[in-house]
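Okay, here's what each chain looks like letter by letter:
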Amino acid sequence: MGRYVLRRLLQAIPVLLGTTFLIFAIVYALPGDPLQALAGEKRVDPVFAAAMREQFHLNEPLIVRYGYYLRDIVSGDFGTTFRGLPVSTIFEGKFQVTLKLALTAVIFEGIIGIGLGLWAALRRGRWEDKAVLAVTLLMVSIPTLVSGFVLQLMLGVKLKLATGIDFFPVAGVQDGVRSYLLPGFVLAMVSIAYLTRLTRTSLMETLRADYVRTAIAKGMPRRRVLGRHALRNSLIPMVTYLGADLGTLMGGAVITETIFNLPGIGQQLFLSVYLRENPVVVGIVTVLVLIYIVANLVVDLLYAVLDPRIRYE
Amino acid sequence: MRVTKGAQIVAGTALLALAVAACGGSGDTAGSSSSAAGNAGAVRVEIAEPQHDLIPGNTTETSGAEVLNALFVGLVDYDADKKPFNRVAESIESPDSTTWTIKLKDGYKWHNGEPVVAQNFVDSWNYTANGANAQEGNYFFGSIVGYDDLNPGEGKTPTATTLSGLKVVDDKTFTVELKNPFSGFPTMLGYTAFYPLPKAAFESEGKLKADFGGNPIGNGPFKVSKPWKRGTDQTISTVRNEDFKEGKAKIDAVEFKIYTDLNTAFNDLRAGNLDIMDQLPAEAISTAKSEFGDRYIEQPSSGIGYIGFPIKSGAEYAKNADVRKAISMAIDRKTITETVFSGTRVPADDFISPVVSGYRQGACGEACTYDPAKAKALFEQAGGPKMGAIEIGYNGDGGHKEWIEAVANNLRTNLGAQVTPKPVEKFATILDDLGAKKWPGTFRMAWIMDYPSPENYLRPIFGSGGSSNYSGFKSKAFDDLLTQGDAAKSIEEGVKSYQQADDLIIKDLPYIPVYFYQTNGAYSQHVKNVKIDPFERIDLFNVEKA
């Protein structure tokens, strides 16, 4: 087990190098001069520009700059922005916000997604099942941008104005857990729908398996058949999905955090791309890749817990 | 302040009762129910994240300027007619418009209790004017004697660290020597870059303390109550300065809330979690008008949008003044501003913006009046149809596509001309090509004032050697009129000369003014007496709780 984990972590190194180089190249290949972005539509002062180019090695070839970047990263330095702020300062507190948001979303996914999926699978073919299918189809088809603004307007503004119920804040994180409920749900919406359908199909398949029929035939209580035999064996695809989704959610927080003004990395990523703060963009993506790798590793290890036949060495 | 759950429910019920009783009274502060992060009674103002720390000389964008405007007061401010009046200054006088003597009033104090003295202004201006400090507001000091020694240009070493044109006479007096006479100099002095800095801001001579920008000590009606950490903190909290010379502000505290999305901020405003917005998203204008009524603000702002022509180096149609006039007359400004911009712009009728004194309504006359028949006749008479397709260049990253396409359609329909809109990635591409005389066609252009003088709408854009003269317009008569205006005895007299210069531009039309920008704002029921100045700064000193 330990050796397996070590091997997986070692494998992550080339992945990390590859992805950071790719994103580094892409970010710096974006058309337009990042220094021009500092000056808006005015001309950049040539003296200032020359000094900045020197400081940020902008005159050197891409691969050399990447080398400098790697050197700094290894020593724990994410660099500074063109506006003179250390990237690590920008990160301060932001990953927490995004992590809280993603966890809220995963909890919503787990409870609603798995719950609805189970219910639909057990009511297979009946109207409840069909309703779940229809609702999830709708949820998948509404883009986050739309659902975000609509729910914000309905629950944050209209509900408060109409009834005085001030439960869902429109924006910001000043209201503790409540601040994350609406954004978390919006972020999770599409995933909830996917997970519902995944759970439904997966459970329906297991329910038809021979060993379940045997268990029923032996006269085992229905609850035990479902919980012990059917559900546990159909969990693997769901856990895979949930694990991979945590990474996706953190990256997908860009729109949600911007709509709800949550000061997380998603909002920062949006701002930094807009302002051409390349060092921040590369930094955020590097950390996201790391999170993704770790989440996948945890999922793989969970397989062994769910299915004792799977062994790692 | 953390509001406990119980308290929140009580407040919520009270609100509910109000709503049910359909009680229109704005009475008590309903906002207290939403648990604000900082002081419960604070007026909450929307801003975007300031791009730099809160240092006056390094702030040329509106969000940072908004905050600094609450923390600092300058030598002058601007009244309802956009004319400067003295604030910290007792008098600003000059016999020849070149050497200015500035006297300060007694009684203005820094937040740390020290009096505001002449040296504070000189220190601040020297710091900003020093090229080595890379301050964004550096160029504002270009007209003061000694600037070139501090900013010698690429590859040369500066020969001074202070402006030789600034001299402290005594604690309350200093003199400024300009390179050339400029009667409008006092109009510049209300801008953020001209605020003073206290002694406490400096670590040693000419070097700012690293943490000053997060926790600035100002001389204004509000002071920072909690140091702000740029990049991390989402609010900038300020409280009233109880020791302000002009009296106490009417509100206890101001909280600047940082938003990345204007739509989100607008929803917060509607829900009562925010009090003042001085810019609204275009798609919210009609909602804002109907929902906020009297609390919706619409006023001119300082920006002008143009279509420009390289009149010396461009294509044949760009060089022909009659064709330029025909193009101008074929543009339906009213429809474009109303439909494409949903009323966030208004048709332009002068090269001088309505926010400065010197603007004349309808000055542009026939040339800016929509008249398709006359435009077509003029276009054909000038040989326009034979001059090839008209190119309109614009940058694709700034939301300009829609109005450029609308202009192109106007020209196609009304002039029968061939028109090709030409998007480029970045505005800088057009500017570079224009600089190298390689851009043949027309181009979009915009100008936002640096200081509220008509001169600022003329010299930088159309003067010989002007910093933003991209059309290649050059006229001795024009330059002379500007010089005459600069050397005038008073601001009013100067304006007359500037207007004459303006008339020359209107005759030749190197640029076509298309629209003036508008300030669209709104405020909640919790506040009243909200005024916005030509720099788009809110006069927070006079805002009251409603």
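Reading guide: rules and limits
Position labels on residues start from 1 in each chain and follow its written sequence. Chains carry letters from A onward and ligands carry numbers from 1 onward, assigned in written order. Local features in this predicted model are restricted to residues whose pLDDT is 70 or higher, and side-chain atom pairs enter the listing and the counts only when it is 80 or higher, whereas totals over whole chains, interfaces and linings include all residues. Think of it this way: any DSSP run of H or I at least four residues long counts as a helix, any run of E at least two long counts as a strand, and we number them from the N terminus. The contact criterion used here is simple: two residues whose C-beta atoms, placed from the backbone, lie within 7 Å are in contact. Values of the radius of gyration come from C-alpha atoms, whereas the globule rule sets the reference at 2.2 Å times the count of residues to the power 0.38. Residue burial here comes from a neighbour count, namely the number of other C-beta atoms, placed from the backbone, that lie within 10 Å of the residue's own C-beta, with 20 or more meaning buried, 12 or fewer meaning exposed, and in between meaning partly exposed. UniProt positions are given in the numbering used here, feature names are shortened, and annotations may be inferred rather than shown by experiment. Axis definition: a line fitted to C-alpha atoms, limited for helices to the stretch in contact. Angles are taken between N-to-C directions and run from 0 to 180 degrees. In this scheme the handedness of a crossing depends on how the near helix is turned from the far one: anticlockwise by less than a right angle means left-handed, clockwise means right-handed. Lys, Arg, Asp and Glu make up the charged group, whereas Ala, Val, Leu, Ile, Met, Phe, Trp, Tyr, Cys and Pro make up the nonpolar group; the residues left over, Gly among them, are polar. The length a helix should cover is 1.5 Å for every residue beyond the first. Relevant arc is that of directions from the helix axis to the C-beta atoms, nothing else. As used throughout, a nonpolar core is a set of buried Ala, Val, Leu, Ile, Met, Phe, Trp, Tyr and Cys residues joined through C-beta atoms within 7 Å of each other. Domain borders in the structure are assigned automatically or taken from a domain database. An angle below 35 degrees is read as roughly parallel, one above 145 as roughly antiparallel, one from 65 to 115 as roughly perpendicular, and any other as oblique. A pair of strands is considered paired only if DSSP assigns at least 2 bridges between the two. Per residue, pLDDT measures the predictor's confidence, with a range of 0 to 100.

Some thoughts on the overall build of chain A
A tally of regular secondary structure across chain A gives 13 helices and zero strands. For chain A, the α and β elements follow one another from N to C terminus as α-α-α-α-α-α-α-α-α-α-α-α-α. When its C-alpha atoms are laid out on the principal axes, chain A stretches across 85 × 60 × 30 Å. Long-range pairs, those at least 24 residues apart, make up 74% of the contacts in chain A between residues at least 6 apart in sequence.

Observations regarding the overall build of chain B
Secondary structure assignment for chain B yields 16 helices and 21 strands. For chain B, the C-alpha radius of gyration of 25 Å lies close to 24 Å, the compact-globule estimate for 546 residues. Seen along its three principal axes, the alpha-carbon backbone of chain B occupies a region of about 75 × 65 × 40 Å. Relative to its 546 residues, chain B shows a buried fraction of 51%. Residue pairs in contact within chain B that sit at least 24 positions apart in sequence constitute 67% of those at least 6 positions apart.

Describing the UniProt feature "transmembrane region" (unreviewed entry) in chain A
Residue and element names in this part refer to chain A. The UniProt record marks residues 12-30, 101-122, 134-157, 177-195, 238-260 and 280-306 with the feature "transmembrane region" (unreviewed entry), using the residue numbering of this structure. The distance separating the terminal C-alpha atoms of residues 12-30 is 27 Å; by composition the span is 95% helix and 0% strand. Across residues 238-260, helical content stands at 96% and strand content at 0%; the span's end C-alpha atoms are separated by 29 Å.

Overview of the packing of helix 12 (residues 265-274) of chain A against helix 13 (residues 278-306) of chain A
Residue and element names in this part refer to chain A. For the pair helix 12 and helix 13, interaxial distance at closest approach is 8 Å and the crossing angle is 145°. As helix 12 packs across helix 13, the resulting crossing turns out to be left-handed. Residues Ile-265, Gln-268, Leu-269, Ser-272 and Val-273 of helix 12 lie in contact with helix 13, whose contacting residues are Val-280, Val-281 and Ile-284. For the contact of helix 12 with helix 13, a count of residues per class yields six nonpolar, two polar and no charged.

Details of helix 12 (residues 401-415) of chain B
All names here are of chain B. For helix 12, with 15 residues, the first-to-last C-alpha span of 21 Å sits near the 21 Å given by 1.5 Å per residue. Turning to helix 12, its buried residues number three or more, namely Trp-403, Ile-404, Val-407, Asn-410, Leu-411, Asn-414 and Leu-415. Angular distribution of buried residues about the axis of helix 12 spans 115°; they occupy a single face of the element. Phi turns positive one or two residues past the end of helix 12, at Gly-416, with a value near 70°.

Topic: the nonpolar core
Core analysis: the biggest nonpolar cluster contains 145 residues, and B:Val254 and B:Ala326 have the highest contact counts within it. By residue number, the principal contributor to this core is strand 19 (residues 511-523) of chain B, which donates eight residues. Structurally, this core is a two-domain feature, drawing no fewer than three residues from each of domain 1 (74-107 + 117-195) and domain 2 (299-519) of chain B. The contact partners of B:Val254, leaving out residues within four places of it in the chain, are B:Ala42, B:Val43, B:Val45, B:Ala70, B:Phe222, B:Thr238 and B:Leu540. Judged by nonpolar contacts, the second largest core, of 52 residues, contains A:Leu101, A:Val173, A:Val186 and A:Val282.

Brief notes about the domain arrangement of chain A
Residues and elements named next belong to chain A. Along its sequence, chain A is carved into domain 1 (16-90 + 267-313) and domain 2 (94-263). Between domain 1 and domain 2, the C-alpha centre-to-centre distance is 31 Å. The interface is formed by 16 residues belonging to domain 1 together with 17 residues belonging to domain 2. Mapped onto the side of domain 1 that touches domain 2, the elements with two or more residues apiece are helix 12 and helix 13. For the side of domain 1 that touches domain 2, the element with the most residues is helix 13, which contributes ten residues.

Quick word on the domain arrangement of chain B
Residues and elements named next belong to chain B. For chain B, the assigned domains read domain 1 (74-107 + 117-195) and domain 2 (299-519). Once you take the C-alpha centre of each, domain 1 and domain 2 turn out to be 31 Å apart. Counting from both sides, the interface comprises 14 residues of domain 1 and, opposite them, 15 residues of domain 2. Here the residues of the side of domain 1 that touches domain 2 are counted per class, giving six nonpolar, five polar and three charged.

Notes on the environment of B:Tyr370
Residues and elements named next belong to chain B. Mapped onto the secondary structure, Tyr-370 falls in the loop between strand 15 (345-347) and helix 11 (372-381). Taking C-alpha positions, Tyr-370 is 6.1 Å from Ile-331, a pair spaced 39 residues apart along the chain. The contact partners of Tyr-370, leaving out residues within four places of it in the chain, are Met-329, Ile-331, Asp-332, Arg-333 and Lys-334.

Here we look at helix 10 (residues 210-217) of chain A
When you tally the buried positions in helix 10 of chain A, you get zero out of eight residues, a small fraction of the element. Residue A:Gly219 follows helix 10 of chain A closely and has a positive phi angle near 90°.

Things to note about the packing of helix 9 (residues 321-329) of chain B against helix 11 of chain B
Residues and elements named next belong to chain B. In the contact formed by helix 9 and helix 11, the axes pass within 8 Å of each other and the chain directions differ by 160°. Between helix 9 and helix 11, the angle falls in the class roughly antiparallel. Classified by chirality, the crossing of helix 11 by helix 9 is left-handed. Here Asp-322, Val-323, Lys-325, Ala-326 and Met-329 of helix 9 come into contact with helix 11, specifically with Lys-374, Ala-375, Leu-378 and Phe-379. Taken together, the residues that form the contact of helix 9 with helix 11 break down as six nonpolar, no polar and three charged.

Focus: unusual backbone geometry
Residue and element names in this part refer to chain B. A positive phi angle, near 45°, is found at Ala-134, a position not held by glycine. One can find Ala-134 in the loop between helix 3 (118-129) and helix 4 (147-150). Classification of Ala-134 as partly exposed rests on a count of 14 C-beta atoms within 10 Å. The phi dihedral of Leu-509 falls on the positive side, at around 50°, and the residue is not glycine. By the element assignment, Leu-509 lies in the loop between helix 16 (491-508) and strand 19.

A short note on the sheet that holds strand 7 (residues 173-177) of chain B
All names here are of chain B. Reading across from one edge, 4-5-7-6 is the order of the four strands in this open sheet, with antiparallel pairing throughout. Each of the sheet's edge strands pairs with one partner strand only, and the pair in question is strand 4 (89-93) and strand 6 (166-170). Each strand axis lies, on average, 20° off the axis of its neighbour in the sheet, ignoring direction. Alignment of strand 4 against strand 5 (residues 99-104), held across four bridges, turns out to be antiparallel. Its bridge partner lying in strand 5, Ile-92 is registered against Ile-102. Running at roughly 170° to strand 6, helix 3 makes contact with strand 5, strand 6 and strand 7 of the sheet.

Thoughts on the confidence of the model for chain A
Segments scoring low in pLDDT should not have their predicted coordinates read at a detailed level. Here chain A averages 84 in pLDDT, and 94% of its residues register 70 or above. Ranking the helices and strands of chain A by mean pLDDT puts helix 7 (residues 127-141) of chain A first, with 92, and helix 2 (residues 34-39) of chain A last, with 68.

What about the environment of B:Pro513?
Looking at the secondary structure, you find B:Pro513 in strand 19. Contacts of B:Pro513, omitting those with residues within four sequence positions, involve B:Ile304, B:Tyr306, B:Ala348, B:Asp350, B:Phe351, B:Cys364 and B:Cys368.

Brief notes about the confidence of the model for chain B
Residue and element names in this part refer to chain B. In this model, chain B carries an average pLDDT of 85, and 92% of its residues clear a pLDDT of 70 or more. This stretch, residues 1-38, has a pLDDT under 50; its non-local contacts, to residues over four places away or in other chains, come to 41 contacts. At the level of chain-chain contacts, confidence expressed as ipTM amounts to 0.79, with global pTM at 0.81.

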